[in-house]
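The residues making up each chain are set out below.
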Amino acid sequence: MAASSPPLSLLTALLLLLFTASLIPPSQSQAATCTKQSFNNNKRYTFCNDLPSLNSYLHWDFNEAQSTLSVAFTATPPKPDGWVSWALNPTATGMAGSQALVAFKQADGALGVKTYNITSYAPLKESEVWFDVEDSSVESSSGGAITLFATLVLPEKGRTVLNHVWQVGGSVSGGVPLKHEFQPANLNAKGSLDLLKGHSGGSTDGNSKLKRRNIHGVLNVVSWGIMFPTGIVMARYLRVFPSADPAWFYLHVSCQVSSYAIGVAGFGTGLKLGSESKSITYSVHRNIGITLFVFATLQVFALLLRPAKDHKYRIYWNVYHHGVGYSVAVLGIINVFKGLDILQPDPKWKRAYIIVIAVLGGIALVSEAFTWVVVLKRRKAGKSDNSYEGYNDGHTRQEP
Ligand SMILES: *[C@@H]1O[C@H](CO)[C@@H](O)[C@H](O)[C@H]1NC(C)=O
């Protein structure tokens, strides 16, 4: 059927696009890991970590006998005249109580470092901190990143595991760094730092964790975020073409079954990451993920319980199948955005996903309009037609 070619080729193009997108390695910006970083002042450090939030990095040297710690902290403030901060918290895990180094443009216009004993979200006041600062300096890069260098003398000898907190903010007013944003990435910018077990050299815990988070992201974006909705679009619109029957049914089933397989793998990696992240629980992301898994599993088993197409209960099965199916699509897309907020990859990945979803949505809109034209034309022609009956249709075609 000639009329079937434009939407079919659109779909093919979309699938090709998705396939190509899935081949791009995750988060290339993260490939610039700390082990490859160097500084203009040529300082070198024994250890470094890619911090799990806010695209930031920590390099350090620790002299246990002297209790001196040299750090280089790199992050990018959200606005050019913002600030970056790295802090140790000797008494707690979060911001309150942290002993912070903050780098920003000082009154004389040059970048400098000040120290703050942070007790609350009240405006900051420069103060003495838990450690002595022997020297400090700041370097900025053309990309907007700021690196804060400091050599600290820690007061408690023998204490080698410490909580640290880092942060970026968009503005400074009257020599005072102003509040940062309260996005998940800002609130999650904290962790435990083992000064003797930094990640030196090639593969490291920090890197492999980041890698696993990226794998989790890619698997779930491909399955829940892209393939499930694509499978729904195929089922809804391909069937309008008699020539695509029963091919649409097999396409739909194989698309959804493969995305279920990928989705289960993604769900498994999520459970693993969740069980390792003791200090932070992303409850909304986790609960949506569990719901998705349950719903999709129901869909797969419902396939086996499907009444024959002319069975009087088939209509109820269809309502159920469509209801759960659309919920999976909507929740899947929502959870992709939740996950992107947590992982905070380079912004281009979020943009790319928005484009893919917009293209899919556009295809659905065009197909919806096209479908109605076809259906109305067939009705007009007086043919008894049931190849498209909208949302709660009876699946009266010859699908198995
Ligand atoms: C930081 O402030 C708190 C609360 O005012 C105070 O108890 C603590 O001793 C201060 N720490 C330092 C290192 O000055």
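Residues numbered from 1 in each chain as written. Predicted model: local features only at pLDDT ≥ 70, side-chain atom pairs only at ≥ 80, totals over all residues.

### Focus: the overall build of the chain
Operational definition: Runs of E in the DSSP output that reach at least two residues are strands. Runs of H or I that reach at least four are helices, and both are numbered from the N terminus. Exposure classes come from backbone-placed C-beta atoms, where a residue is buried if 20 or more other C-beta atoms lie within 10 Å of its own, exposed if 12 or fewer do, and partly exposed in between. Contact criterion: two residues are in contact if their C-beta atoms, reconstructed from the backbone, are within 7 Å.
Summing up its helical and strand segments, the chain has seven helices and twelve strands in all. The buried share among the 400 residues of the chain stands at 32%. A separation threshold of at least 6 residues defines the contact pool for the chain, and within that pool the share at least 24 residues apart is 66%.

### Regarding the confidence of the model for the chain
Test applied: Confidence of the predictor in every single residue is expressed as pLDDT, which spans 0 to 100.
Residues of the chain with pLDDT of at least 70 account for 84%, and the chain-wide mean is 83. Here residues 1-10 is modelled with pLDDT under 50, and outside its nearest four sequence neighbours on either side it reaches ten contacts, counting other chains as well. Contacts from residues 200-204, a stretch scored under 50 in pLDDT, to residues over four places away or in other chains number six contacts.

### Here we look at the packing of helix α4 (residues 247-276) against helix α5 (residues 283-304)
Note the cut-off: The axes used here are C-alpha line fits, helices contributing only the stretch in contact, and every angle between their N-to-C directions lies in the interval 0 to 180 degrees. Any angle between 65 and 115 degrees counts as roughly perpendicular, while under 35 counts as roughly parallel, over 145 as roughly antiparallel, and the rest as oblique. Should the near helix be turned anticlockwise from the far one by less than a right angle, the crossing is left-handed, and should it be turned clockwise, the crossing is right-handed. Residues are grouped as follows: Ala, Val, Leu, Ile, Met, Phe, Trp, Tyr, Cys and Pro are nonpolar; Asp, Glu, Lys and Arg are charged; all remaining types, including Gly, are polar.
Remark: α4 packs on α5, axes separated minimally by 11 Å, with the N-to-C direction vectors making an angle of 150°. Compared by their axis directions, α4 and α5 come out roughly antiparallel. You can see that α4 and α5 cross each other, and the crossing is left-handed. Residues Tyr260, Gly263, Phe267, Gly270 and Gly274 of α4 pack against Arg286, Gly289, Phe293, Ala296 and Val300 of α5. Looking at side-chain class alone, the contact of α4 with α5 contains five nonpolar, four polar and one charged residues.

### Comments concerning the UniProt feature "transmembrane region" (unreviewed entry) in the chain
For clarity, the cut-off: UniProt positions are given in the numbering used here, feature names are shortened, and annotations may be inferred rather than shown by experiment.
Under the UniProt annotation, the feature "transmembrane region" (unreviewed entry) is placed at residues 217-235, 288-305, 317-337 and 352-375. Along residues 352-375 one finds 100% helix and 0% strand; the C-alpha atoms at either end are 34 Å apart.

### Things to note about the environment of cysteine 48
By the secondary structure assignment, cysteine 48 is in strand β1 (residues 47-50). Counting along the chain gives 24 residues from cysteine 48 to alanine 72, while the straight-line C-alpha distance between them is 9.0 Å.

### Overview of the site of the ligand
For clarity, the threshold we go by: Nearness rests on one distance test: the residue's C-beta atom, set from the backbone, must lie within 6 Å of the molecule or strand.
In the vicinity of the ligand, the contacting residues are Asn117, Thr119, Glu128, Val129 and Trp130. The residue inventory of the shell around the ligand, partitioned by class, reads two nonpolar, two polar and one charged.

### Some words on the nonpolar core
Defined as follows: The nonpolar core is taken to be a set of buried Ala, Val, Leu, Ile, Met, Phe, Trp, Tyr and Cys residues joined by way of C-beta atoms within 7 Å.
Ranked by internal contacts, the top residues of the largest apolar core, which has 42 residues, are Phe73 and Leu148. The set of elements that each furnish at least two residues to this core consists of β1, β2 (57-63), β3 (68-75), β4 (83-89), β5 (99-105), β6 (111-117), β8 (146-153) and β9 (161-169). When near neighbours in sequence (up to four residues on either side) are disregarded, leucine 148 contacts Phe73, Val84, Trp86, Leu101, Ala103, Val113 and Val138. Formed by 29 residues, the second largest nonpolar core is a distinct cluster that contains Leu219, Ile226, Val233 and Phe241.

### Some details on the sheet that holds β1
Two strands in a sheet stick together by hydrogen bonds in their backbones, pointing the same way (parallel) or opposite ways (antiparallel). Defined as follows: Criterion used throughout: strands pair if DSSP finds at least two bridges between them.
If you walk across this open sheet you meet the five strands as β1-β2-β3-β8-β7, and the pairing is antiparallel. Each end of this open sheet is capped by a strand with a single partner; those strands are β1 and β7 (132-140). The average undirected angle you get between the axes of adjacent strands in this sheet is 15°. Judged from the eight bridges that link them, β7 and β8 form a sheet pairing that is antiparallel. Bridged to aspartate 132 within β8 is valine 153.

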